[in-house]
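Structural description and commentary
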Amino acid sequence: MSSRLDHIAQKRREKLDRIRKRGIDPYPHRYHRSHTTEQAIALLEQCEAGGKETPLVSVGGRITASRLMGKISFLDLRDGSGKIQLLFSQGRLDKQQGELFDDLDIGDIIGVSGRPFRTKSREPTIEVEGLTLLAKSLQPLPEKWHGLSDVDKRYRQRYLDLIANAEVRKIFRVRSQAITAIRSFLNKRGFLEVETPVLQPAAGGALARPFVTHHHALDQDFYLRIATELHLKRLIVGGFDKVYELGRIFRNEGVSTKHNPEFTTLESYEAYADYNDVMKMVEKMVGSVARLVAGGYGVEFGNTTIDFKPPWPRLSLRQAVKKYSGIDFEQYPDTDSLRAEMVRLKMEVDPKKRRGRLIDELISTFVEPKLIQPTFLLDYPLEMSPLAKAKPDDGRLVERFEAFAGGMEIANAFTELNDPIEQRQRFLQQQKERRAGDEEVETADEDFLAALEYGMPPTGGLGVGIDRLVMLFTGGQSIREVILFPQLREKP
């Protein structure tokens, strides 16, 4: 901390000592608010419309600005609902409250009582008759608190970011609204919200490197879940026809503008449905959420408007990769030939990656950045999708789609593989790839395989990246902007 900030903090502590010596508790246990700032303004408007005198109100919040003008002073007070101006007039407060006012600072949290009115400039204002200190702020707000722009500070001290930036508070309100809307959409369609374990004995349901932890009482290693898929499909086996879970997923992978090691997903599973049914549900669900949080299907993102109105275009994965990369992966049926063609295009290729992972790299490099408007890519190679059902007319492909918008993947869905014998064979093939050096492969979950042997009906499964969806709805260019507390490298 600079010497200047040290000096400011010291002055505030001196004020705190003076307040305590006057017998005032600077951190009282409770305070009764009759109104939020938003409600106080609404009450003023209601009384103005009815020609009535406004009653006394009590509000509480943080001081965010101060304007001293001789015998009167104006403060701005902000709470969770908004902002209102306060007018302090000489003589309105008793001696003790007047001394307390002199020791207030921007950042302090106070409670006031008084009558709402409008100033000559028509600003909604409360003429303060009573003042209570609720929490003395010992640290000053950022210099330009109304525009805190130090990105690292914003993410490390999100509370300052929320105090300083109204737009950031709006982002997380939109996030909450979007999640609530998704829940409502699924609940109305008869889905049951459930919870599955975060600590799992086998990390399955996705191609990802897990985080490992140890349970001391059981003397057993567990994994933080990389997906909720395998437990949710157990519930389909158990007789729930429609289930979903909204929750945190953990993947021990790199950090980027689109990736955070801890993120939020929606996964849903519907018995007697396939990926075509799920596709229709996704475009309808995302479109309805966009209308709620953005006021319409069109959402501003960067320099373009993304139109979420259904139906969305549908492209075969093979056509899309060929169109944007020039490679028809069906012409390269093995790892070596596809790798050689990618090297010819001067791509850096990890020699450990097998054909499915190489195709995924072609998608992320050439196709994904081009898909700005909502688009479904359909029918993926089998080796990319060990949990998906093969297409009946072409066993090399599976019934899978990924949804893209804003140049990033937002959803992934399958017609779920429900043949326990074939699923075991797929898992065994994945283990061969792990032994060959690929850590991001499916692990065999024996209990899941046992569940499949009791019979799972035809099922359509879905995974949606909630954080990325919120990025699209709010114009965010980094996933860290829409996660309240993103993971950051520890400062040296």
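Computed from a predicted model, the values in this text were never measured in an experiment.

**Quick word on the overall build of the protein**
Within the protein, the secondary structure is distributed over 14 helices and 19 strands. For the C-alpha atoms alone, the extent of the protein along its principal axes is close to 85 × 55 × 50 Å. Burial statistics for the protein: of 492 residues in total, 50% are counted as buried. Considering only intrachain contacts with a sequence separation of at least 6, the fraction spanning at least 24 residues in the protein is 65%.

**Some words on the pairing of strand β17 (residues 394–405)**
Most of β17 is tucked away: 10 of the 12 residues are buried. Pairing of strand β15 (residues 375–381) with β17, which is carried by six bridges, proceeds in the antiparallel orientation. Bridging from a neighbouring strand, Thr375 pairs with Phe404 of β17. Here strand β16 (residues 390–391) folds back onto β17, and the loop between the two strands holds two residues. The sheet contact formed by β17 and strand β18 (residues 408–415) spans six bridges and is antiparallel. Each bridged residue has a counterpart across the sheet, and for Ala403 the counterpart in β18 is Ala411.

**Here we look at the nonpolar core**
In this structure, Leu186, Leu266, Phe308, Phe401, Leu462 and Phe473 are the most contacted members of the largest nonpolar core, which totals 49 residues. Ranked by size, the runner-up nonpolar core spans 35 residues in total, among them Val321, Ile359, Leu377 and Met456.

**So, the pairing of strand β11 (residues 262–271)**
Summarising burial for β11: nine of the 10 residues are buried, a large majority. Bridging between β11 and strand β19 (residues 459–465) involves seven bridges; their strand directions are antiparallel. Residue pairing across strands places Leu266 opposite Val464, the latter belonging to β19.

**A short note on the environment of Glu453**
Structurally, Glu453 is set in the loop between α13 (446–452) and β19. Judged by relative accessible area, Glu453 falls into the exposed class, the value being 56%.

**Things to note about the sheet that holds strand β8 (residues 212–215)**
Strand pairing within a sheet occurs via backbone hydrogen bonds; the two strands may be parallel or antiparallel. Taken in spatial order, the three strands make up an open sheet running β7-β9-β8, and their pairing is antiparallel. Either end of the sheet is taken by a strand with one partner, and the two such strands are β7 (199–200) and β8. Where β8 lies against strand β9 (residues 220–224), four bridges are found, and the strand directions are antiparallel. What sits directly across from His214, in β9, is Asp221.

**Brief notes about unusual backbone geometry**
Keep in mind that most residues, glycine aside, have a negative phi and that most peptide bonds are trans. Put simply, Pro310 and Pro311 share a cis peptide bond, and its omega is -5 degrees. Within the secondary structure, Pro311 sits in the loop between β13 (304–307) and β14 (314–316). At Lys346, a position not held by glycine, the phi torsion is positive, near 65 degrees. Within the secondary structure, Lys346 sits in the loop between α10 (335–344) and α11 (355–367).

**What about the sheet that holds strand β3 (residues 82–89)?**
Taken together, the five strands give a closed barrel; going around it, the order is β1-β2-β3-β5-β4, and neighbouring strands pair in mixed fashion. Direction aside, the axes of adjacent strands within the sheet are offset by 50 degrees on average. Of the pairings in the sheet, the one linking strand β1 (residues 57–69) to strand β2 (residues 72–79) comprises seven bridges and is antiparallel in character. When the sheet's bridge partners are listed, Leu68 is paired in β2 with Ser73. Sitting on the sheet, helix α3 (residues 95–102) is in contact with β1, β2, β3 and β5 (124–135), with an inclination near 85 degrees to β5.

**Concerning the side chain of Glu283**
Checked against the element boundaries, Glu283 lands in helix α8 (residues 275–294). You can call Glu283 buried: its relative accessible area is 7%. Among the polar contacts made by the side chain of Glu283, one reaches the side chain of Arg314 at a distance of 3.2 Å. When sequence neighbours within four positions are dropped, the list of residues in contact with Glu283 reads Phe308, Pro310, Pro311, Trp312, Arg314 and Phe376.

**Some remarks on helix α14 (residues 466–474)**
Among the nine residues that make up α14, eight are buried, leaving the element largely enclosed by the rest of the structure. For α14, the full list of buried residues reads Ile466, Asp467, Arg468, Leu469, Val470, Met471, Leu472 and Phe473.

**Here's the deal with the packing of aromatic side chains**
Enumeration over the complete set of coordinates arrives at five aromatic pairs. A ring pair is formed by Phe88 and Phe101, whose centres lie 4.6 Å apart and whose planes are at 40 degrees; its orientation type is tilted. Pair noted here: Phe88 is in strand β3 and Phe101 is in helix α3, with a separation of 13 residues, a long-range link. By the burial criterion, Phe88 is buried, and Phe101 matches it. Ring plane angle 75 degrees and centroid distance 5.0 Å describe the contact between Phe376 and Phe401, whose orientation is recorded as edge-to-face. Taken as a pair, Phe376 in strand β15 and Phe401 in strand β17 lie far apart in primary sequence, 25 residues in all. Exposure remark for Phe376: the relative accessible area of 0% places this residue in the buried category. Among the residues examined, Phe401 registers a relative accessible area of 0% and is labelled buried.

**Digging into the pattern of salt bridges**
Counted according to the given criterion, the structure contains 41 salt bridges. Between Glu361 and Lys353 there is a salt bridge, and its shortest N-O distance comes to 3.0 Å. In this structure Glu361 comes out as buried when scored by relative accessible area, which is 13%. Salt bridges linked by common partners bring Arg18, Arg22, Lys95, Glu99 and Asp103 together as one network.

Rules used in this analysis
Residues numbered from 1 in each chain as written. Predicted model: local features only at pLDDT ≥ 70, side-chain atom pairs only at ≥ 80, totals over all residues. Heavy atoms only, no water. Helix = DSSP H or I, 4+ residues; strand = E, 2+ residues; numbered from the N terminus. Buried < 20%, exposed > 50% of the residue type's maximum accessible area, 1.4 Å probe, protein only. Contact = heavy atoms within 4.5 Å. Pairing = 2+ DSSP bridges. Core = buried A, V, L, I, M, F, W, Y, C linked by side-chain atoms within 4.5 Å. Axes fitted to C-alpha atoms, helices over the stretch in contact; angles between N-to-C directions. Polar contact = N/O pair within 3.5 Å; in protein donor to acceptor, adjacent residues only side chain to side chain. Phe/Tyr/Trp six-rings, centres within 6.5 Å; stacked < 30°, edge-to-face > 60°. Salt bridge = Lys/Arg side-chain N within 4 Å of Asp/Glu carboxyl O.

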